Amino acid sequence: NASVSLKIYNLLGQEVATLVDESRQAGYHELQWNGRNQYGSNVATGVYFYRIEAKPADGGQPFTSLKKMLLLK
């Protein structure tokens, strides 16, 4: 088990949306972003970044990854 956070950021580093912020079981998970910000408005086509952080409940080594993605409509 780990506390998992998955957030979307724009090119300016501003947080656009939080997709996950909860405890999850170990394993593979799949998620689709609907292209909306945290207020429910559509965001523009372009380059975004997603950051996933997982902090194990047992106090193990935390995992962080930041990747680039392209949103096309």
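Presented here is an overview of the structure given in this document. Per chain, residues are indexed from 1 in the order of the written sequence. Under the rules for a predicted model, residues below a pLDDT of 70 receive no local features and side-chain atom pairs below 80 are neither given nor counted, while totals for whole chains, interfaces and linings still include all residues. To get the side-chain values, take all heavy atoms of the structure and skip hydrogens and water.

**Here we look at the overall build of the protein**
Phase 1: Check the secondary structure of the protein and you find 0 helices and 4 strands.
Phase 2: Helical segments are the DSSP runs of H or I of at least four residues, strand segments are the runs of E of at least two, and each set is numbered from the N terminus. When the helices and strands of the protein are placed in sequence order, the string is β-β-β-β.
Phase 3: Along the longest, intermediate and shortest principal axes, the C-alpha atoms of the protein span 40 × 20 × 20 Å.
Phase 4: The long-range share in the protein, meaning contacts at least 24 apart out of those at least 6 apart in sequence, stands at 40%.
Phase 5: The centroid of the 8 positive side-chain charges in the protein is displaced by 9 Å from the centroid of its 6 negative side-chain charges. Contact criterion: two residues are considered in contact whenever any of their non-hydrogen atoms come within 4.5 Å of each other. Here the positive residues are Lys and Arg and the negative ones are Asp and Glu; neither His nor the chain ends is included. By convention, the point assigned to a charge is CZ for Arg, NZ for Lys, CD for Glu and CG for Asp.

**Let's talk about the pattern of salt bridges**
Phase 1: We count a salt bridge whenever a side-chain nitrogen from Lys or Arg sits within 4 Å of a carboxyl oxygen from Asp or Glu. One pass over the full model with this rule turns up 3 salt bridges.
Phase 2: The shortest N-O distance in the salt bridge between Glu53 and Arg51 comes to 3.5 Å.

**Some details on the environment of Gln61**
Phase 1: Relative to the elements of secondary structure, Gln61 occurs in the loop between β3 (46-56) and β4 (63-71).
Phase 2: Separated by 35 residues in sequence, Gln61 and Ala26 place their C-alpha atoms 14 Å apart.

**A short note on the pairing of strand β2 (residues 15-24)**
Phase 1: Of the strand pairs in this sheet, strand β1 (residues 2-9) and β2 are connected by 8 bridges, and their pairing is antiparallel. Bridge assignment links Tyr9 to a residue of β2, and that residue is Glu15.
Phase 2: Two strands are counted as paired when DSSP detects at least two bridges linking them. Linkage of β1 to β2, two consecutive antiparallel strands, is achieved through a turn of 5 residues, within which Gly13 is found at a positive phi near 85°.

**Thoughts on the environment of Ser3**
Phase 1: Here Ser3 is to be found in strand β1.
Phase 2: By relative accessible area, Ser3 is classed as partly exposed at 41%.
Phase 3: Here the alpha-carbon distance between Ser3 and Trp33, two residues 30 residues apart in the chain, equals 20 Å.
Phase 4: If near-sequence neighbours (up to four positions away) are discounted, Ser3 is found in contact with Glu22, Ser23, Glu53, Ala54 and Lys55. Summary of the burial criterion: residues with accessible area below 20% of their type's maximum are buried, those above 50% are exposed, and those between are partly exposed, where the area comes from a 1.4 Å probe applied to protein chains only.

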